There are 2 protein chains.
Amino acid sequence: MPWEKSFDVDSAVDKATEAFWKKGFEATSLADLLKATGLTKGSFYNAFGSKKQLFTLSLLKYEREQRRDVMARLESLEDPIGAISQLFDSLIEQSLADQEKKGCFLVNTALDMPNLDSDIGDAVKKGLRDTESFFARQVRLGIEKGVISDRVDPEVCANSLLTLLVGLRVLARGVFNKESLSRIKVQALDLLR
Amino acid sequence: MPWEKSFDVDSAVDKATEAFWKKGFEATSLADLLKATGLTKGSFYNAFGSKKQLFTLSLLKYEREQRRDVMARLESLEDPIGAISQLFDSLIEQSLADQEKKGCFLVNTALDMPNLDSDIGDAVKKGLRDTESFFARQVRLGIEKGVISDRVDPEVCANSLLTLLVGLRVLARGVFNKESLSRIKVQALDLLR
C-alpha cells in the first residue's frame, strides 16, 4: 500500500466486510460502504478501485482469518473427532452469540454465486472445498487411529459434513433454535460411527 | 381480484417470482420488477401495493406450488425410503437442469432472514419446518413398516435431512458438481440405516 494513504486500509477492509457480510454484494451500496469505512468517495476509489475489488479483498481476508486459521488450529490437535466436534461447537456458539445473525460470509456468498463474477466464485469454491478436504483428512486420520469406523467412506463423509455445516449456517440465520442446531452436531458425529 | 385489472395477476406474480428468486428481495429493484412483469408503475402499485407485498405473494405461491404439492405427492406413496430418495433425486435433477442456478426460493430467502420483515421470515420458517415434519413422518412410518432401523431417532434424523437438503440447495448454486450432489443423497439414505 502506498505511504500517502492517511487511513488504515486493513481496518477499512474490516469495516467493509461487516457491511458486505450482513447484506451481500449486490444489496450493499456505495453509500453503505462509505458510511461503514468513513471514507470519501475519492479516497474510496483511490484505495480500492471498485466495490467488486473491495468485496474480493474482504472475502479473502475473512477466508484467511476466520476459516483457514481456525482449521489449522483444529488440525494441529491430531484428535479427529475432537477437531470435527469443536468445529461444529464453535460455529453453533458463534451463530447463537451473533445478535445480527450474519451467518458465514463464505456461505452467504456461495448462495449468491450465480450473480457474482467468476473470480469471486472461485475464491468461495476454494474456501468450501478446502473445508471439505479438512474433513476428509480428519476422517482418514480417525480411521488410521481406530477411532472412526473403517466402514466410513472419507470422501462421502467429508462431503456430507460440509453440507451439514453449510445447512447449519443457513438455518442458524433465523430458522433453527439452539436445540435444533445442536442436533446437527449430534448427527455429524454419528456419521463417524 | 377486481374486474378492472386488464392483466393476469397470477402470471405477473410468476414473472416477479423469477426476478426475486434469482436475486433476492433487496437486490431486485422496482425497475427489475416492472421489466419482468411488463407493468407500468401505476398498475404495479395499484395491483400489489408494494415490493414487499408482492414478494410475500411470490413466496407463498412458490411455497404452495413447488413445495407443498410435491411433498403431498411423495407422502401419498406410503413408501418412506422411496419418498425421501425421490425428493433428493428431484432436487438434484432440478438443480442440474437449471441453467441460471437459481436454487430454492425458500432457502435463498432463509439465508436473507435477518434482513427481512418478520412476516416473510415466518413464512420461510413455516415452509422449512413443514419439510422437517415431512421427513419426521416418513422416518416414523419407515420404522413402523420395519424398513428403517428403530435405532434411528425420527426428530434428529429429520433435522439432519432438512439440513442436508438446505446445504445441497446452496452448494448446487455453483460449488458442487453432479457427483458431489449425488453423494449427499447417498449419505441421506445412509442416515436411515
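### A few points about the overall build of chain A
Thinking step 1. A count of helical and extended segments in chain A gives 9 helices and 0 strands.
Thinking step 2. Secondary structure of chain A in N-to-C order comes out as α-α-α-α-α-α-α-α-α.
Thinking step 3. Along the three orthogonal principal directions, the C-alpha set of chain A runs to about 60 × 35 × 30 Å.
Thinking step 4. Counting only contacts in chain A whose residues sit at least 6 apart along the sequence, the fraction spanning at least 24 positions is 67%.

### A few points about helix H5 (residues 80–97) of chain A
Residues and elements named next belong to chain A.
Thinking step 1. The terminal C-alpha atoms of H5 lie 26 Å apart, and with 18 residues this matches the ideal 26 Å at 1.5 Å per residue to within 8%.
Thinking step 2. Every buried residue belonging to H5 is among Pro80, Ala83, Ile84, Leu87, Phe88, Leu91 and Ser95, and all of these are buried. For H5, the arc enclosing every buried residue in end-on projection is 130 degrees, short of the 170-degree limit, so these residues lie on one face. Summarising the geometry of H5, the exposed residues directed more than 90 degrees from the buried face are Asp89, Ser90, Glu93 and Ala97.
Thinking step 3. Buried residues along H5 sit against helix H4 (51–75), helix H7 (118–145), helix H8 (154–171) and helix H9 (178–190).

### So, the nonpolar core
Side chains that are nonpolar tend, in soluble globular proteins, to be buried together.
Thinking step 1. Membership of the largest hydrophobic core comes to 99 residues, with the highest contact counts inside it found for Ala110, Leu161 and Val170 of chain A together with Ala110, Leu161 and Val170 of chain B.
Thinking step 2. Ignoring sequence-local partners within four residues, the contact set of Leu161 of chain B consists of Ile84, Phe135, Ala188 and Leu191 of chain B.

### Some details on the relation of the copies chain A and chain B
Thinking step 1. Between the two copies, chain A and chain B, the superposition gives an RMSD of 0.0 Å; the rotation angle is 180 degrees and the shift along the axis is 0.0 Å. Within this description, the copies of the chain are treated as partners about a two-fold rotation axis. Across chain A, the rotation axis passes nearest the C-alpha of Gly167 of chain A, at a separation of 2.0 Å.

### What about the packing of H8 of chain A against helix H9 (residues 178–190) of chain B?
Thinking step 1. Between H8 of chain A and H9 of chain B, the least distance of the axes is 9 Å, while the angle of their chain directions is 90 degrees. Looking at the two axes, H8 of chain A sits roughly perpendicular to H9 of chain B. The residues of H9 of chain B that touch H8 of chain A, namely those facing Val156, Asn159, Ser160 and Thr163 of chain A, are Ser180, Arg183, Ile184, Val186 and Gln187 of chain B.

### As for the interface of chain A and chain B
Thinking step 1. In this complex, chain A contributes 35 residues to the contact, which on the side of chain B involves 35 residues.
Thinking step 2. Those elements giving two or more residues to the side of chain A that touches chain B turn out to be helix H1 (9–27), helix H6 (105–111), H7, H8 and H9 of chain A.
Thinking step 3. At 10 residues, H8 of chain A tops the list of elements feeding residues into the side of chain A that touches chain B.
Thinking step 4. Grouping the constituent residues of the side of chain A that touches chain B by class yields 17 nonpolar, 11 polar and 7 charged.

### Regarding H9 of chain A
Think of an α-helix as 3.6 residues a turn; residues three or four steps apart then line up on the same face.
Thinking step 1. With 13 residues, H9 of chain A should reach 18 Å at 1.5 Å per residue; the first-to-last C-alpha distance of 19 Å fits that figure.
Thinking step 2. Those residues of H9 of chain A that sit buried are Leu181, Ile184, Gln187 and Ala188 of chain A. Along the axis of H9 of chain A, the buried positions cluster into a sector of 115 degrees, meaning they face one direction only. Along H9 of chain A, exposed side chains directed more than 90 degrees from the buried face belong to Lys178 and Glu179 of chain A.
Thinking step 3. Of the surrounding secondary structure, the elements contacted by the buried residues of H9 of chain A are H5 and H8 of chain A together with helix H8 (154–171) of chain B.

### A closer look at the environment of Leu116 of chain B
All names here are of chain B.
Thinking step 1. Within the element layout of this structure, Leu116 appears in the loop between helix H6 (105–111) and helix H7 (118–145).
Thinking step 2. Separated by 91 residues in sequence, Leu116 and Phe25 have C-alpha atoms that sit 8.2 Å apart.
Thinking step 3. When sequence neighbours within four positions are dropped, the list of residues in contact with Leu116 reads Phe25 and Gly121.

### Details of unusual backbone geometry
Residues other than glycine predominantly adopt negative phi, and peptide bonds predominantly adopt the trans conformation.
All names here are of chain A.
Thinking step 1. One non-glycine residue, Glu78, lies in positive phi territory at about 55 degrees.
Thinking step 2. Its place among the elements puts Glu78 in the loop between H4 and H5.
Thinking step 3. Residue class for Glu78 comes out exposed when judged on the 11 C-beta atoms lying within 10 Å of it.
Thinking step 4. The phi angle at Lys101 is positive, at roughly 50 degrees, despite the residue not being glycine.

### Quick notes on the confidence of the model for chain A
Low pLDDT means the predicted atomic positions in that stretch should not be read closely.
Thinking step 1. Averaged over chain A, the pLDDT score is 92; the fraction of residues at 70 or greater is 97%.
Thinking step 2. Complex prediction metrics read pTM 0.92 and ipTM 0.90.

### Some remarks on the environment of Leu106 of chain A
Residue and element names in this part refer to chain A.
Thinking step 1. By secondary structure assignment, the location of Leu106 is in helix H6.
Thinking step 2. Judged by C-beta crowding, with 23 C-beta atoms within 10 Å, Leu106 ranks as buried.
Thinking step 3. The spacing of Leu106 and Gln66 is 40 residues in sequence and 9.9 Å in space, taken between C-alpha atoms.
Thinking step 4. Not counting residues within four places of it along the chain, the set of residues in contact with Leu106 comprises Tyr62, Glu63, Arg67, Val124, Gly127 and Leu128.

Quick notes on the rules
- Residues numbered from 1 in each chain as written.
- Chains lettered and ligands numbered in written order.
- Predicted model: local features only at pLDDT ≥ 70, side-chain atom pairs only at ≥ 80, totals over all residues.
- Helix = DSSP H or I, 4+ residues; strand = E, 2+ residues; numbered from the N terminus.
- Contact = placed C-beta atoms within 7 Å.
- Expected span 1.5 Å × (residues − 1).
- Buried ≥ 20, exposed ≤ 12 C-beta atoms within 10 Å, placed from the backbone.
- Arc of directions from axis to C-beta.
- Core = buried A, V, L, I, M, F, W, Y, C linked by C-beta atoms within 7 Å.
- Least-squares fit on C-alpha atoms with pLDDT ≥ 70 in both.
- Axes fitted to C-alpha atoms, helices over the stretch in contact; angles between N-to-C directions.
- Parallel < 35°, antiparallel > 145°, perpendicular 65-115°, else oblique.
- Nonpolar A, V, L, I, M, F, W, Y, C, P; charged D, E, K, R; others polar.
- pLDDT = per-residue confidence, 0-100.

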